[in-house]
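So you can see what is in the structure, the chains are spelled out below.
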Amino acid sequence: DKQLQGETFKEGTLFALVASFGAVATNLFSIPSSPMAQPRSVVLSHILAVVVAVLLDYLTNERFYPIIPQWLGVSLAPALVAAISSVAGTIHPPAGACSVLYMMGDAQVKNLGWMFLAVPVLLDVGVIILMALIINNFSKSRSYPLYW
């Protein structure tokens, strides 16, 4: 439990990059007309991913009330994100990876808890959608987004 205390900030900085955003960038810049690349899918699926991951963390983490094993929580996270976002019509596969990154994260990640939704996830989502709006609309043959 010692490693989980005071490890959210390293040298006064907060990380602001999530590894799964390489896949988000690939979707937004390579297939901007895909329903999976539209802002609604990107934003809502990432919100859902963090909510699922944090709630599963409560059920797997020794700091809370671990009633299921960690490996099961890590497996359930992307499955639940995919199922719920599919039903909601907002499927965006990199969001499933985002939930796994949280579930497998170290103390620096886990100590963020719900703050992980704001920074880095929603910060990254906002920046990447803004970049997609600018870059994808430079060309007359592309239009992004197709819908919000």
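Thresholds applied
- Residues numbered from 1 in each chain as written.
- Predicted model: local features only at pLDDT ≥ 70, side-chain atom pairs only at ≥ 80, totals over all residues.
- Heavy atoms only, no water.
- Helix = DSSP H or I, 4+ residues; strand = E, 2+ residues; numbered from the N terminus.
- Rg over C-alpha atoms; globule rule 2.2 N^0.38 Å.
- Buried < 20%, exposed > 50% of the residue type's maximum accessible area, 1.4 Å probe, protein only.
- Phe/Tyr/Trp six-rings, centres within 6.5 Å; stacked < 30°, edge-to-face > 60°.
- Core = buried A, V, L, I, M, F, W, Y, C linked by side-chain atoms within 4.5 Å.
- Contact = heavy atoms within 4.5 Å.
- Axes fitted to C-alpha atoms, helices over the stretch in contact; angles between N-to-C directions.
- Parallel < 35°, antiparallel > 145°, perpendicular 65-115°, else oblique.
- Left-handed = near helix turned anticlockwise from the far one by under 90°.

Draft legend 1. Region of interest: the overall build of the protein. Of the regular secondary structure elements, the protein holds 6 helices and 0 strands. In the protein, the succession of helices and strands from N to C terminus is α-α-α-α-α-α. Here the C-alpha atoms of the protein give a radius of gyration of 16 Å, agreeing with the 15 Å that 2.2 N^0.38 yields for 148 residues. The buried share of the protein, taken over its 148 residues, is 43%.

Draft legend 2. View of the packing of aromatic side chains. Counted under the stated rule, the structure contains 3 aromatic pairs. Ring geometry for Tyr58 and Phe64: centres 4.6 Å apart, planes at 85 degrees, overall edge-to-face. Residue Tyr58 is classed as partly exposed on the basis of its relative accessible area of 30%. Residue class for Phe64 comes out partly exposed when judged on its relative accessible area of 35%. On the basis of an interplanar angle of 55 degrees and a centroid distance of 6.4 Å, the ring pair of Tyr58 and Trp114 is categorised as tilted. With a gap of 56 residues between them, Tyr58 in helix 2 (residues 39–60) and Trp114 in the loop between helix 5 (107–110) and helix 6 (115–136) connect regions that are remote in the sequence. In this structure Trp114 comes out as partly exposed when scored by relative accessible area, which is 38%. In textbook terms, an aromatic cluster arises when at least three aromatic residues are bridged by ring pairs, as seen for Tyr58, Phe64 and Trp114.

Draft legend 3. Structural detail: the nonpolar core. In this structure, Leu28, Val50, Cys98, Phe116, Val121 and Ile129 are the most contacted members of the largest nonpolar core, which totals 32 residues. Listing elements by their share of this core, those giving two or more residues are helix 1 (21–30), helix 2, helix 3 (70–88), helix 4 (93–103) and helix 6. Filtering out sequence-adjacent residues up to four positions away, Val121 remains in contact with Val18, Phe21, His46, Val50, Cys98 and Phe116.

Draft legend 4. Spatial organisation of the packing of helix 3 against helix 4. Remark: helix 3 packs on helix 4, axes separated minimally by 8 Å, with the N-to-C direction vectors making an angle of 160 degrees. Taken as axis vectors, helix 3 and helix 4 run roughly antiparallel relative to one another. Considering only the axes of helix 3 and helix 4, their crossing is right-handed. Here Gln70, Gly73, Val74, Ala77, Pro78 and Val81 of helix 3 come into contact with helix 4, specifically with Ala95, Gly96, Ser99, Val100 and Met103.

Draft legend 5. Spotlight on helix 4. Considered for burial, the residues of helix 4 that qualify are Pro94, Ala95, Gly96, Cys98, Ser99, Tyr102 and Met103. Its buried side turned inward, helix 4 meets helix 1, helix 2, helix 3, helix 5 and helix 6.

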